[in-house]
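# Overview (structure and organization)
So you can see what is in the structure, the chains are spelled out below.
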Amino acid sequence: MNRIEMLIGRMTLAEKIGQLTMTAAGSAVTGPVLAGDSTEAIRAGTVGNLLNLVGPGPVHQLQRLAVEESRLKIPLLIGLDVIHGHRTLFPVPLAEAALFDPATWTRTAREAAAEAAADGIAMTFAPMCDVSRDPRWGRTVEGPGEDPWLGRQIAAAKVRGFQGAHLSDPASIAAVAKHFCAYGPVTAGREYAAVDVSERTVHEVHLPSFEAAVAAGVAAVMPAFTDLAGIPMTAHQGLLKGWLRGRQGFDGVIVSDYNAIHELLHHGVAADVPEAAALALNAGVDIDMMAGAYRQGLPVALERGLVSLADVDAAVRRVLTLKERLGLFDDPFRRGSRAETPAALAARHELAREVAGRSLVLLKCEREALPLPASVRRIGLIGPLTDAAAEMRGPWWAAAAAEGQVSVLEGLTAALGATRVAHARGVEIATDDVHGIAAAVELCATVDSIVLCLGEAAVMSGEAASRADPVLPGRQRELAEAVLARARALGKPAVIVLFCGRPLILPWLFEHADAVLVAWFPGTQAGHGIADVLTGRRSPGGRTPISWPRTVGQVPIFFAQRPSGRPADPRDHFTSKYLDVPNDPAFAFGHGLTYGRFRYTQLQVTPSRVTPADTLEVRVDLTNEGSRAAEETVFVFTHDRVASTTRPLLELKGFARITLQPGASGSVTVRIAVAELRLLDARFEAVLEAGEFDVFAGPSADRSTLLAQRIVLAV
Ligand code: GLC
């Protein structure tokens, strides 16, 4: 009999439920409920998992309690939200999505895992796989953007990075795909609100990234707080037991979100804690994070016959199996026993600087405002996010201290020298104080170019940070109006560096600024990464992974819209459009300028007649007609012209990146298995249907920029 079965045979009910319990240790606060001291419970074996504990010292201290003083000496599983880095932060996930580079997505996760494991962490509550098409929702910042196909690529890349080749590797940590599922379309973009989307949308948009995470071997899954069409995800037997464990064959651990089992009472589907515990366990939830609902409720639920001991044992078995796969039984102290070398840390910071620079999205650039000319004498660096080092972390900084983050002021000063950078905050991020605007305006006369650093504070996106009106907070608009007017009057270029966790609705700013560089929240090396792009050391290459609405009234807005029976036609009144704004976004998915200028010269799709076993070869020729070298991202979309269900006008199926010197021409080839042209039939089974498909290639989902070729699928 193996170790796990022997343990289960010896465990008391309290010890079994202890392995199904995760409580906070208090190093970080990531939710509304704070747990007390867990030491006695660890000794008693009634808590087997912790979150928010950081550092070899504290981790090994509590681990020693478990493996030396508890009766069965079962090691603790320690988890933390290592979302986009641990102590060294990479750009927030939405920003990193803008790289369109799976190898780098994996690499940054690998680096984060190594750093977290060195701190004793064995599980991260990441990747966050929630597709979002609503910038009002604060957690848009944590996810892959608006597209399910992109979400699949990111989920798989991140799982590979966090978990490495073997979970038992001391530098590997268990990944948790979250938040299962369809959390993004919360009603009206309001955090934790109910979700009501069609079953087809759940399968076509919100499940693919979780399917990819499972296929990549993700160790655990976390259900969302929300209810989906009347069933809270923490109690959703159909999707947890049916789709995830049944159809996907997921046999890993399901860990509830923070206090979510207890919150089934607020959802109104459980009358008391035992009922809530039973609903969760019967849906397949193994670990109760922070609610204490399993500890309080499962013994009663067993007495009432609401759950079976066999199901309790099955959950315990999955948790112990994960601990065994992590190597915790063989060496509970393996994570945190090996300090990282200074060289590893330096290389990580270099990577963080590179990724920060590559994640920036240049939405607009006119009057040659960027890059700043090498001859520039003095730069006016203005705005509340110029020296806001701590804000560069974004909303999920977990173990990353505010100290050590590089601000724009530091980065630009390091790049240009202190004498060439004049600085004025003008206003704060979100106060009503406008006294500093005059000094900021005066500064414009003494400099050659102006760089305005505007946007949100880190905590204005992320969890519990929905914004009904996602615009510039505080009095930043007044600062921008005054400075841009003065710059225009002086004939000096004005660049906006925009910090945000979601697309902001800024039509005035986009119209009046000469250039707009979206920085999102670039992480620890923010200032250097931004300075590299502003000074031309690096050409911007980021492409927005989410459409930028013109107004909140367009939300949800995304490129993969289904056709209307009355497609928009400006010549015909009775067609699908608004009276007051265009249908298209301010900036389309995939938009992002570079310091080059790329012309797409040819699209060649072969074969033009395909069968299910074929692979499409999509070749695109392009030329850099600009004066600087740059990296271009080419997107490939398809549209199924006639099918048994309505099909999105564009479906993203691939991308490729190419760097070209000025005047150089080149080509990229994207290979697409014909199986990728499948659609979900009425039973949500993937099927191929014969017929014509249009294949598109271009720089974004803006249809006016796309080359197209038709192919025929014979089944
Ligand atoms: C939070 C989040 C979840 C996170 C967990 C632990 O409330 O919803 O994403 O992993 O609690 O911090």
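Residues numbered from 1 in each chain as written. Predicted model: local features only at pLDDT ≥ 70, side-chain atom pairs only at ≥ 80, totals over all residues. Heavy atoms only, no water.

### Notes on the sheet that holds strand 17 (residues 598-606)
Taken together, the three strands give an open sheet; going across it, the order is 17-19-22, and neighbouring strands pair in antiparallel fashion. Two strands bound the open sheet, and with one partner strand each, they are strand 17 and strand 22 (665-673). Recorded for the sheet is a direction-independent mean angle of 20° between the axes of neighbouring strands. The sheet contact formed by strand 19 (residues 615-624) and strand 22 spans nine bridges and is antiparallel. Its bridge partner being in strand 22, L616 is matched across the sheet by I672. (Pairing = 2+ DSSP bridges. Helix = DSSP H or I, 4+ residues; strand = E, 2+ residues; numbered from the N terminus. Axes fitted to C-alpha atoms, helices over the stretch in contact; angles between N-to-C directions.)

### Side note on helix 1 (residues 3-10)
For helix 1, every residue scored as buried is listed here: I4, L7 and I8. The buried residues of helix 1 occupy one face: seen down the axis, they fall within an arc of 100°. Along helix 1, exposed side chains directed more than 90 degrees from the buried face belong to G9 and R10. Contact partners of the buried residues in helix 1: helix 2 (13-19) and helix 14 (309-325). Measuring from the backbone nitrogen of I4 back to the side-chain oxygen at the start of helix 1 gives 3.1 Å, which picks out N2 as the cap. (Buried < 20%, exposed > 50% of the residue type's maximum accessible area, 1.4 Å probe, protein only. Arc of directions from axis to C-beta. Contact = heavy atoms within 4.5 Å. Polar contact = N/O pair within 3.5 Å; in protein donor to acceptor, adjacent residues only side chain to side chain.)

### Remarks on helix 10 (residues 237-247)
Because the α-helix completes a turn every 3.6 residues, residues three or four places apart line up on one side. Among the residues making up helix 10, those that are buried are L239, L240, W243, L244 and R245. Around the axis of helix 10, the buried residues are gathered within 165° of arc, so they sit on the same side. Taken from the residues just after helix 10, G249 is the one with a positive phi, measuring 70°.

### Side note on the domain arrangement of the protein chain
When the parts of a complex come together, some accessible area is lost, and that lost area is often used as the size of the interface. In terms of domain boundaries, the protein chain breaks down into domain 1 (1-76 + 308-340), domain 2 (353-554) and domain 3 (598-713). Distance between the C-alpha centres of domain 2 and domain 3: 34 Å. Interface area, domain 2 with domain 3, both sides summed: about 540 Å², of which 35% is carbon and sulfur. Among the residues domain 2 hides against domain 3, the three largest losses belong to R358, S539 and R543. Together they make up 71% of the total. Summed over the shared surface of domain 2 and domain 3, the number is one salt bridge. The closest approach of N and O atoms between R543 and E632, which form a salt bridge, is 3.0 Å. For the pair domain 2 and domain 3, the number of links is four residue pairs in polar contact (both at pLDDT 80 or more). By residue class, the composition of the side of domain 2 that touches domain 3 is one nonpolar, three polar and two charged. (Domains from an automatic or database assignment. Buried area = accessible area lost by both parts, 1.4 Å probe. Salt bridge = Lys/Arg side-chain N within 4 Å of Asp/Glu carboxyl O. Nonpolar A, V, L, I, M, F, W, Y, C, P; charged D, E, K, R; others polar.)

### Some thoughts on the packing of aromatic side chains
Within a pair of aromatic rings, the relevant descriptors are the distance that separates the centres and the angle that separates the planes. Taken as a whole, this structure holds 15 aromatic pairs when the rule is applied. Ring geometry for Y192 and F225: centres 5.3 Å apart, planes at 90°, overall edge-to-face. Residue Y192 is found in the loop between strand 5 (174-180) and helix 8 (199-206), and its partner F225 is found in the loop between strand 6 (220-223) and strand 7 (227-228); the two are separated by 33 residues along the sequence. Note on Y192: relative accessible area 38%, which makes it partly exposed. Given a relative accessible area of 9%, F225 falls into the buried group. Through pairs of rings, three or more aromatic residues link up here, namely F100, W149, F559, F589, F635, F637 and F655. (Phe/Tyr/Trp six-rings, centres within 6.5 Å; stacked < 30°, edge-to-face > 60°.)

### Thoughts on the state of the cysteines
Linking two cysteines covalently through their sulfur atoms gives a disulfide. Under the counting rule described, the total for this entry stands at zero disulfides. Cysteine C129 shares no disulfide, and the gap to the nearest cysteine sulfur, in C181, comes to 11 Å. When its relative accessible area of 3% is taken as the criterion, C129 is described as buried. (Disulfide = S-S within 2.5 Å.)

### Here's the deal with the pairing of strand 12 (residues 379-382)
Here strand 12 shows two buried faces, one formed by I379 and L381 and the other by G380 and I382. Alignment of strand 12 against strand 13 (residues 421-424), held across four bridges, turns out to be parallel. Looking at the pairing, I382 lines up with A424 of strand 13. This β-α-β element, strand 12 to helix 16 (residues 408-416) to strand 13, shows right-handed connectivity. (Right-handed = clockwise from strand over helix to strand, strands pointing away.)

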